[in-house]
Each structure stands twice: as C-alpha cells, then as structure tokens.
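These are the residues of each chain, in order.
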Amino acid sequence: MKKIITLLVVFLATVAVARADKYTIKRDALPEAAQEMLTTYFPKAKVSLIKVDRHLLKKTDYDVKLVNGTKIEFNNAGKWTSVDCKTRELPDGLLLRPIRNYINKNYPGVKAVKVEKKSSGYEVELSDGIELKFNLLGTFRSVKMDD
C-alpha cells in the first residue's frame, strides 16, 4: 500500500512540474522563427513578458506580450497563431495581400487590429468590432458584427 501511495505522490509531483509555466523576458527563450517574426514585424518593440506554456500531452507554446500592449501567441515551432494589437493597426505585411485588399476595399478607414490563424483559415478583427473570416488563401468567407 505504501508503494502505491509513494508512486501516486511521485506521479502527481511529476505532472505538477511538467505543467508548470515559465515566465521570462528574454527573446532567446523563443524558437528562431518567433524571434525572426518579432524582428520583422515589431523591430522597435520591447518585450514585456514571455510565458512559456509547457503542456503535459501537447507541445510547448509561447505567449509574448510587448510593452505597447500587443499580445502574440506562437506554437511550438515558432509560427505565430494570434496577434492582438488592441487598438493599433496590425503591421503591414502580416496579413495576406488578398485579406488586406478586401479590408481596404470594403471597409475604408477601418484598420485590422487582431488576427488569428487557424487550420481552417484566418479570423480578422477590425477596429470597429467587425470580425471577418477568410480561408487559408485569403478568400472572404463570412462576417460577424458585434451587437
């Protein structure tokens, strides 16, 4: 019985350690692709916090917060999955050209402030609260308006 309890305690301690998140502000904690993305699209921005999420059965992902309030999420390979600039416009070049063209044509004067990359495509939030969905090639699929 003591062996079972000991094994259970060791297992739970291992799970707790594996689940522990790590916080840092050093860019070198990120995969190279994530470092390059930050350098390309946010060259002057300073990192406020990097949260390294280690999941038990999933791979590691990274949450980066910049001093200006921008939040960027990266997967384990360093590819961005979400960029939220709050009220600032997303950096030029971050969105696919067809998405940028669609927004400029159909929503003049409105800026894209948030983008999420999913397996089915892109979800883009505009500064006026409208959410647009595009496929992986940047073709418009649907719109959702805040009420």
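Everything below is about the structure shown above.
Residues numbered from 1 in each chain as written. Predicted model: local features only at pLDDT ≥ 70, side-chain atom pairs only at ≥ 80, totals over all residues. Heavy atoms only, no water.

> Tell me about the overall build of the protein, and name the residues and values.
When helices and strands are counted, the protein shows 3 helices and 9 strands. Each helix and strand of the protein, placed in order from N terminus to C terminus, yields the pattern α-β-α-β-β-β-β-α-β-β-β-β. Relative to its 147 residues, the protein shows a buried fraction of 31%. When contacts within the protein are restricted to residue pairs at least 6 apart in sequence, long-range pairs at least 24 apart make up 36% of them. (Helix = DSSP H or I, 4+ residues; strand = E, 2+ residues; numbered from the N terminus. Buried < 20%, exposed > 50% of the residue type's maximum accessible area, 1.4 Å probe, protein only. Contact = heavy atoms within 4.5 Å.)

> Summarise the pattern of salt bridges; cite the residues concerned and give the values.
Applying the stated criterion across every chain, the model contains 7 salt bridges. Among the ionic pairs, D53 bridges to K51, the shortest N-O distance being 3.6 Å. A relative accessible area of 8% means that D53 is categorised as buried. A salt bridge links E116 to K118; the shortest N-O distance between them is 3.7 Å. For E116, a relative accessible area of 23% corresponds to the partly exposed category. (Salt bridge = Lys/Arg side-chain N within 4 Å of Asp/Glu carboxyl O.)

> How would you summarise the pairing of strand 3 (residues 61-66) if you had to cite specific residues and measurements?
Every second residue of strand 3 is oriented toward a common face, the buried set being Y62, V64 and L66 and the non-buried set D61, D63 and K65. Where strand 2 (residues 47-53) and strand 3 come together, 6 bridges link them in antiparallel fashion. By the bridge assignment, D53 is partnered in strand 3 with D61. In the sheet, strand 3 pairs with strand 4 (residues 71-74) via 4 bridges, with the strands oriented antiparallel. Note that in strand 4 the partner of Y62 across the bridge is F74. (Pairing = 2+ DSSP bridges.)

> Residues and numbers for unusual backbone geometry, please.
The phi dihedral of K86 falls on the positive side, at around 60°, and the residue is not glycine. Within the secondary structure, K86 sits in the loop between strand 5 (80-84) and helix 3 (97-106). Residue classification places K86 among the partly exposed positions, given a relative accessible area of 40%.

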